[in-house]
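Results of the structural survey
So you can see what is in the structure, the chains are spelled out below.
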Amino acid sequence: MKKVLVIGGGGREHAIVDALYRSPQVGKIYCAPGNAGIARQAECVAIKDNDVAALLAFAKEKEIDLTVVGPEAALAAGVVDAFRAEGMKIFGHSKAATRIESSKEFAKQIMEKYDVPTAAYKSFTSYEEALAYVSARPFPAVLKYDGLAAGKGVVIAEDLAQADEALRDMLLDSAFGHEGKVVVEDFLTGPEFSFMCFVDGAKVYPMPLSQDHKRAFDGDKGPNTGGMGAYTGLPFITEEDREFALREVLEKTAAAMVAEGCPLSGVLYGGLMKTPSGVKVIEFNARFGDPETEVVLPLIDSDIYDVFEAVATGRELSGPVVWSNDITMGVVLASKGYPGSYEKGHEICILEHPGRIFHMGTKATGEEGKYLTAGGRVMMCVARASSLEEARSNAYATVAAVKCSNLFHRSDIAHWAFEQR
């Protein structure tokens, strides 16, 4: 039986652990650092997800057969390069390939060079030049911090005052840890959707489409977050849209990265938009999306260990990756105040429910069914069914079974799908 190490400690990693737990090949799962929910299926290890040396030492000590990387911080820290240098099997991109996410400018340059459809852009390191450029163009303006920003480095400025504040944060005040670069893009309109694929060089294995909900409140109002819910089964995306996105975005980008000498070897996440002029790229991520993973991986019918191991080693898969035709929906429960300041340590009591709960930011109390809040996004309630209506009903029934005085959630997840009917 195989021993697997999963790096990370959020809802995405809980979904990865859950999928591996269902594999008949996997006998032991470790998760670093993990969380209280993950601890029900894996042994949690107190190692930070970007502590490359400690992770490698642990994997060697435990003779881990395969390591799976969840968060972008670990990829950007070079964990894959370090493991491969020591002959350890690991699922995830090299530091060079991770630039498709860690540098917005690099991603834009790749798309421009290889004719991948996206919004027109310009990059700036000068606050004054960026502000002058934005001032001379129509609003809204899309401003993206060039480096990693934990999902919060994108601002859609409705006016010059908002643009000025964002540019000061990104270029003058080191709001994301250091002074950097800003990419200014044309504003696109249309429904967004997420298209994740397993990628090994030029080989691309698509996953079901999903849609995330970034804004904090109902009606897509409020500040951007790491994601407040997601679902699969998107009625507004046609099969032609999907085939175009697969061929002209995901497969073309995978081939481009091979041509650039930094092939992908993990998950390529396409954050896409169906605009009036066709599907275009909003952003790329170099790993599983969160919260999309929590609604996509419950649908995999193939043995996910086989998929991870094949991509990690370059081995050809023996057949296609098989997915259920069911539909999933998930609702995030977040601490009041998120994505701003919030309190931790509020007790959660979970009653019987019809869905599945993935933990994002919790601590154990030692009592069955009870936890403490320990993050901004705390849990995600996911349901799987044959229809979106049933999945929504069961997802919100699961939300109702989570009792805590300091949590809030959106009540309109999947509204795009229902509005199209």
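The structure we're discussing is the one just above.
Summary of the structure given here. (Residues numbered from 1 in each chain as written. Predicted model: local features only at pLDDT ≥ 70, side-chain atom pairs only at ≥ 80, totals over all residues. Heavy atoms only, no water.)

Turning to the packing of helix 7 (residues 127–135) against helix 8 (residues 160–172), a few remarks are in order. Packing of helix 7 against helix 8 brings their axes to within 10 Å, and their N-to-C directions diverge by 155 degrees. With respect to helix 8, the axis of helix 7 lies roughly antiparallel. Seen from above, helix 7 lies across helix 8 with right-handed handedness. Side by side, helix 7 and helix 8 meet where Y127, A130, L131, V134 and S135 of the first sit next to L160, A163, D164, L167, R168, L171 and L172 of the second. (Axes fitted to C-alpha atoms, helices over the stretch in contact; angles between N-to-C directions. Helix = DSSP H or I, 4+ residues; strand = E, 2+ residues; numbered from the N terminus. Parallel < 35°, antiparallel > 145°, perpendicular 65-115°, else oblique. Left-handed = near helix turned anticlockwise from the far one by under 90°. Contact = heavy atoms within 4.5 Å.)

Okay, the nonpolar core next. V79, M329 and M379 are the most contacted members of the largest nonpolar core, which totals 78 residues. The element that contributes the greatest number of residues to this core is helix 9 (residues 239–259), accounting for seven residues. Once residues lying within four places of it in the same chain are set aside, the contact partners of M379 are V331, V332, L333, I348, I350, I357, F358, H359, M360, T362, Y371 and V402. Counting residues in each nonpolar core, the second largest holds 47 residues, with F91, M207, A310 and M380 among its members. (Core = buried A, V, L, I, M, F, W, Y, C linked by side-chain atoms within 4.5 Å. Buried < 20%, exposed > 50% of the residue type's maximum accessible area, 1.4 Å probe, protein only.)

What follows concerns the packing of aromatic side chains. Applying the stated rule across the entire model yields 11 aromatic pairs. Here F91 and F308 contribute two aromatic rings whose centre-to-centre distance is 4.6 Å and whose plane-to-plane angle is 55 degrees, an arrangement assigned as tilted. Remark: F308 occurs in helix 11 (residues 304–313) and F91 occurs in strand 5 (residues 90–91); sequence separation between them is 217 residues. Judged by relative accessible area, F308 falls into the buried class, the value being 0%. Here the aromatic rings of F198 and W323 are separated by 6.5 Å at their centres, their planes lie at 15 degrees, and the arrangement is stacked. Here F198 is found in strand 10 (residues 192–200), whereas its partner W323 is found in the loop between helix 11 and strand 18 (327–335), with 125 residues between them in sequence. Taking the relative accessible area as the measure of exposure, W323 reaches 14% and is therefore buried. Through a chain of ring-to-ring contacts, the aromatic side chains of F91, F198, F288, F308 and W323 assemble into a single cluster. (Phe/Tyr/Trp six-rings, centres within 6.5 Å; stacked < 30°, edge-to-face > 60°.)

Here N285 is to be found in strand 17 (residues 278–285). What makes N285 buried here is its relative accessible area of 7%. Apart from the residues within four sequence positions on either side, N285 is in contact with E101, V267, L268 and Y269.

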